[in-house]
Amino acid sequence: MTTAVTTTVDRADSSEAAVQERVARLEYDFGDLDDPGNPLGVQQFLAADAGRRLLPAAERLLDAFGLNAEFVPGELGGRLDRLDALARVLRVVFRRDAALGLGHGLTSYLAAVVVWAGGSARQRRDTAGLLLDGGRMACAYPEPPQGNDFLRNRLTALPDGTGHRLSGRKEAVNNAGRADALVLFAHTPDGLSAFLVPGPADAAGRGREVGLLPRRPTAGVRGCVIEGLTFDRHPLPAGHLLGAAGDGARLAERAFPLTRGAGLSMALGCADTALRTTVAFARAHRSRSRASLHSARTRTALVGAFTDLLVCDCLSLVATRAAHVLPRESRTLAAVAKYLLPTVLNETMDDLSIVLGAESYAPDGSYGVFRRTARDLPMIGLGSAGASASRAVLVAQLLRLPSLTAAPATDAPAVLFRPFDAGLPPCRPEDLELTPDRDSLLDSVEAWARDADGTASGGRRTYGDAYGGAPAEAAAVLVAHLRALRADCAELAARPAGHPVSPRAYALADRYALIVAGAACLGVWRHRPPGGFLADPVWAAMTLTRIAGRLGTRAVRPPASAADHMLTELLHRFDDARSYDLYSTAIGR
Amino acid sequence: MRSVRQRGPGESWGAVCRAVVEQGTCVVHALVDDWLPPEGRDPRALAADLGADHERYARMPASRNRDRFVASRLLLKSAASAVLGTLPRELELAYKPGGRPYLRGIDQLDVGLSHTDGLLVVGLTRFGRIGVDTEPADRRMLELGTELKACTPFELEALERVPAERRNHELVRLWTLKEAYSKAIGQGLRFRFTEFGFGPQGERLSVLRPDGTPGTGREWSFHSWLVEDAYTVSAAVHDPGFGDRPQSGADLPLLPVLVDPRSSAS
């Protein structure tokens, strides 16, 4: 037994070491974004963006690195074994260019994950082979409750002999024309079905008949080639179905926990670069300039953005690791990330723009990457419609909450919250579609809040000499909001089933998402490593205070010295070229 | 696009709803006095309609400021609930850390709010974000040094070319555009007004850098009107271009009915 435990630990350690090695190698290969002599420097990325293409040198680098292997499960020959690790590797790419991260990465993953979730052994093998050979995939997911041009899906497949014939269109699909294989969700007489079909770029020419609509110009991620797909009785021979006819909705349910949290976690790389760019601007300004670090306005904006990125990363961590640790709850947690992060990240960009002022509009130059990021980030969330499916998941959880509270409350597992802990069980897609049987994060909040205080009293109104009391105070606010939420959910769920849910549920879903984000921060703090920045209560105090503010409680204010302390860490990471997330990764060297 | 006058709680919201359906965006203006809660209104009903803002309202001493506060919130929530197809008390009006108002949890509709003297302005958009601002059109700004604090070098030069009698009006227009934009991005007065500007009246407007070169792209649009012959109203609208424009035959309410998932399970 001892041997078995040791082996597990060793495997986990070596897995984490391998992830860190891959992140370091990719950062090293990309090099310093700000070096004007770097062919993968910021000016080259901006020029590619202006030319509406991906930077060819960057695509070659990712091919040489074998990025696609990150999307392929280990048992099929790839390197995918932890969802949070996948996001960390892709963050390196998004730090340079969101279009590159989507066009040469995430888009293929979004398609492939459906095959992992429900494809036959042969489909899985073929797809793994395609990706490991450097092929690309694109995907037309089912349309959410609220559509837009990027999300609307009007595909129908009618049985024809042993196969189907596909008709209809999907207005906007990233990489449609470059895809070797397509994953298409279409309405069939049995309900929604998913198909794996050869794409327009299929080497054997089997996707020649797929109709492509003209390229669609977009405000952000301009390097992505986004085209529509159109089909007119397109033959889909037998063997193209993923799962059985009518399995589409189920497969999408399995895929969403694997895509929503991970995709947004990758996008933190964009905001990371925007923050670093803004710090560089502030640093470059003399002391009497209003943009300099001597200005309280500048310091507040920078510290606020750093804090927001930590909130987003705590939530991303939980949302991705839940697929391994809390599979039944992972759909809800991934939906929280998908609902909350786009809003927070876009607001972070707005908050930083006041430091850059006129320079926030610069199309090129040292700070030009800021404007590009501000245009790219909204494309990742796809606006209100992009959040609508996730909102529906949250509302379902709100209605479920009152019946879940009867379950004995125990802490969520520590491994959920440990950024460097590779000791995760493998993810089993079939577990992801089960209905949640509890809400581990909410259940744990009260216990943690008491723990953060070090006593059972909670709710102290002063911080004391150190920041030690600050997490407790902010956590007490979170607990108060949680109690109010539970009461409101009880009222919501008391209405008889079958009637439309009160529109109040929209606001409750927002509160729920914020409380879960707070619980994620509190969990990372509670299960903190023994040393380093994450062991310092200042970040917990700042993140929880920020969330309390978003919940509408302004009474809690961290001491000014807490903000100064955050700023010191922010500048240290700037000087040491480290990322603004939970990992403090060394970048570009 | 124009600003729609709303004459009071009893008036139909048809024009506002049509504008939101057809154009995606609507700016509404109203007089404070048309939107004050009537004497003898059930205080509990008022508290329910105001939601969390009621506490602040109850603490404010009677004043014109308090009138504007309550009237603007009632106008905003009435307009939003008409468009969304619900009731004011079902919506939670909240404020971002920077003070920007929003409807919590409802990203199908963004809102903006402004008031001055006796005028209220509310902006509604189903695209992305909106900010609105209003000032009395004849508010004295010239020769008080405002132009130096509020204009880019490019705007100062353009202002010089405006006939003297129209120059103050022009400055008020620029000021309200800047406020509308910085409110849309949640920054209020934190974004320095000398660091971004606008072109002359009559052109398709976009944010310009201090030297007059383009700042924002087509995703932003800007509008200014003179309303009630006395107030300049400006709006800034952000549309990230996801094509959420209404399909033919699309109609209200904008707020999709939330289906109870328990009904299918039972």
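Residues numbered from 1 in each chain as written. Chains lettered and ligands numbered in written order. Predicted model: local features only at pLDDT ≥ 70, side-chain atom pairs only at ≥ 80, totals over all residues. Heavy atoms only, no water.

A. Seen up close, the overall build of chain A. For chain A, the count of helices and strands is 16 helices and eight strands. Its C-alpha atoms give chain A principal-axis dimensions of roughly 75 × 65 × 55 Å. Out of the 589 residues in chain A, the part that is buried amounts to 64%. If you take every contact in chain A between residues at least 6 apart in sequence, the share linking residues at least 24 apart comes to 74%. Accessible surface for chain A amounts to roughly 20,600 Å². Of this, 53% is attributable to carbon and sulfur atoms. (Helix = DSSP H or I, 4+ residues; strand = E, 2+ residues; numbered from the N terminus. Buried < 20%, exposed > 50% of the residue type's maximum accessible area, 1.4 Å probe, protein only. Contact = heavy atoms within 4.5 Å. Areas by Shrake-Rupley, 256 points an atom, 1.4 Å probe, with all protein chains shown as cover.)

B. Seen up close, the domain arrangement of chain B. All names here are of chain B. Parsing chain B into structural domains produces domain 1 (1–126) and domain 2 (136–243). Using C-alpha coordinates to define each centre, domain 1 is positioned 24 Å away from domain 2. At the junction of the two partners, domain 1 supplies 17 residues and domain 2 supplies 13 residues. Taken together, domain 1 and domain 2 are joined by one salt bridge. On inspection of domain 1 and its partner domain 2, the count reaches eight residue pairs in polar contact (both at pLDDT 80 or more). Mapped onto the side of domain 1 that touches domain 2, the elements with two or more residues apiece are β1 (3–5), β2 (25–31), β5 (110–116) and β6 (119–125). Classifying every residue of the side of domain 1 that touches domain 2 gives five nonpolar, eight polar and four charged. (Domains from an automatic or database assignment. Salt bridge = Lys/Arg side-chain N within 4 Å of Asp/Glu carboxyl O. Polar contact = N/O pair within 3.5 Å; in protein donor to acceptor, adjacent residues only side chain to side chain. Nonpolar A, V, L, I, M, F, W, Y, C, P; charged D, E, K, R; others polar.)

C. View of the side chain of B:E90. Position of B:E90 among the secondary structure elements: in the loop between α4 (64–84) and β3 (93–95). Separated by 2.9 Å, the side chains of B:E90 and A:S502 make a polar contact. In contact with B:E90, not counting residues within four places along its chain, are A:S502, A:P503 and A:R504.

D. Fine view of the interface of chain A and chain B. Each partner contributes to the interface: chain A provides 60 residues, whereas chain B provides 43 residues. Carbon and sulfur atoms make up 51% of the surface buried where chain A meets chain B, a total of about 4,300 Å² over both sides. For the chain A face of the interface with chain B, the top three residues by lost area are A:D350, A:Y361 and A:Y506, together amounting to 18%. Where chain A meets chain B, there are 14 residue pairs in polar contact (both at pLDDT 80 or more). Listed by contribution, the elements that provide at least two residues to the side of chain A that touches chain B are α9 (327–356), α10 (368–381), α11 (383–404), α13 (469–494) and α14 (504–526) of chain A. Residue contributions to the side of chain A that touches chain B peak at nine residues, all from α9(A). Of the residues contributing to the side of chain A that touches chain B, the split by class is 31 nonpolar, twelve polar and 17 charged. (Buried area = accessible area lost by both parts, 1.4 Å probe.)

E. How the structure looks around the domain arrangement of chain A. Residue and element names in this part refer to chain A. The domains assigned to chain A are domain 1 (9–136), domain 2 (138–244) and domain 3 (251–575). Centre-to-centre separation of domain 1 and domain 2, based on C-alpha positions: 23 Å. Between domain 1 and domain 2, the residue contacts involve 22 residues of the former and 24 residues of the latter. Summed over both sides, the interface between domain 1 and domain 2 buries roughly 1,900 Å², with carbon and sulfur atoms accounting for 57% of that surface. It is R52, Q123 and R136 that lose the most area in domain 1 upon contact with domain 2, and together they represent 36% of the buried surface on that side. The tally of links between domain 1 and domain 2 comes to one salt bridge. R178 is the partner of E59 in a salt bridge, and the nearest nitrogen-oxygen pair spans 3.2 Å. Summed over the shared surface of domain 1 and domain 2, the number is twelve residue pairs in polar contact (both at pLDDT 80 or more).

F. Quick look at the packing of aromatic side chains. Residue and element names in this part refer to chain B. Across all of its chains, the model carries 18 aromatic pairs over all chains by this definition. With 5.0 Å between their ring centres and 70 degrees between their planes, Y181 and W220 make a pair best called edge-to-face. A residue pair is termed long-range when its members are at least 10 positions apart, and Y181 in helix α7 (residues 164–184) and W220 in strand β8 (residues 220–227) qualify at 39 residues. The same class applies to Y181 and to W220, which are both buried. (Phe/Tyr/Trp six-rings, centres within 6.5 Å; stacked < 30°, edge-to-face > 60°.)

G. How the structure looks around the nonpolar core. In this structure, A:F30, A:W539 and B:L124 are the most contacted members of the largest nonpolar core, which totals 240 residues. For A:F30, the contacting residues outside a window of four places in its chain are A:N38, A:L40, A:F45, A:A58, A:L61, A:L62, A:V92, A:V93, A:R96 and A:L100. Of all hydrophobic cores here, the second largest spans 17 residues; its members include A:A140, A:A157, A:V197 and A:V210. (Core = buried A, V, L, I, M, F, W, Y, C linked by side-chain atoms within 4.5 Å.)

H. Quick peek at the sheet that holds strand β9 (residues 231–238) of chain B. Residues and elements named next belong to chain B. Pairing is antiparallel in the open sheet, where three strands are placed in the order β7-β9-β8. Looking at strand neighbours, the two that pair on one side only are β7 (129–136) and β8, the edges of this open sheet. Within the sheet, the average angular offset between the axes of one strand and its neighbour, ignoring direction, is 15 degrees. Strands in contact with α7 are β7, β8 and β9; relative to β7, the strand with the most contacts, it is inclined by about 150 degrees. (Pairing = 2+ DSSP bridges. Axes fitted to C-alpha atoms, helices over the stretch in contact; angles between N-to-C directions.)

I. Spatial organisation of the packing of helix α7 (residues 248–283) of chain A against α9(A). Residue and element names in this part refer to chain A. Where α7 meets α9, the closest approach of the two axes is 9 Å, and the angle between their N-to-C directions is 15 degrees. Taken as axis vectors, α7 and α9 run roughly parallel relative to one another. In this structure, α7 crosses over α9, and the sense of that crossing is left-handed. Here the residues of the contact of α7 with α9 sort into 19 nonpolar, three polar and four charged. (Parallel < 35°, antiparallel > 145°, perpendicular 65-115°, else oblique. Left-handed = near helix turned anticlockwise from the far one by under 90°.)

J. Quick look at the sheet that holds β1(B). Residue and element names in this part refer to chain B. Taken in spatial order, the four strands of this open sheet run β1-β2-β6-β5, and their pairing is mixed. The open sheet has two edge strands, β1 and β5, and neither has a second partner. The mean inter-strand angle of the sheet, taken between neighbouring strand axes irrespective of direction, is 25 degrees. As judged from the seven bridges shared by β5 and β6, these two strands associate in the antiparallel manner. If you follow T116 over to β6, its bridge partner there is L119. Across the sheet, helix α1 (residues 14–23) lies against β1, β2 and β6, angled at about 160 degrees from β2, the strand it touches most. Lying over the sheet, α4 contacts β2, β5 and β6, oriented at roughly 30 degrees with respect to β6.

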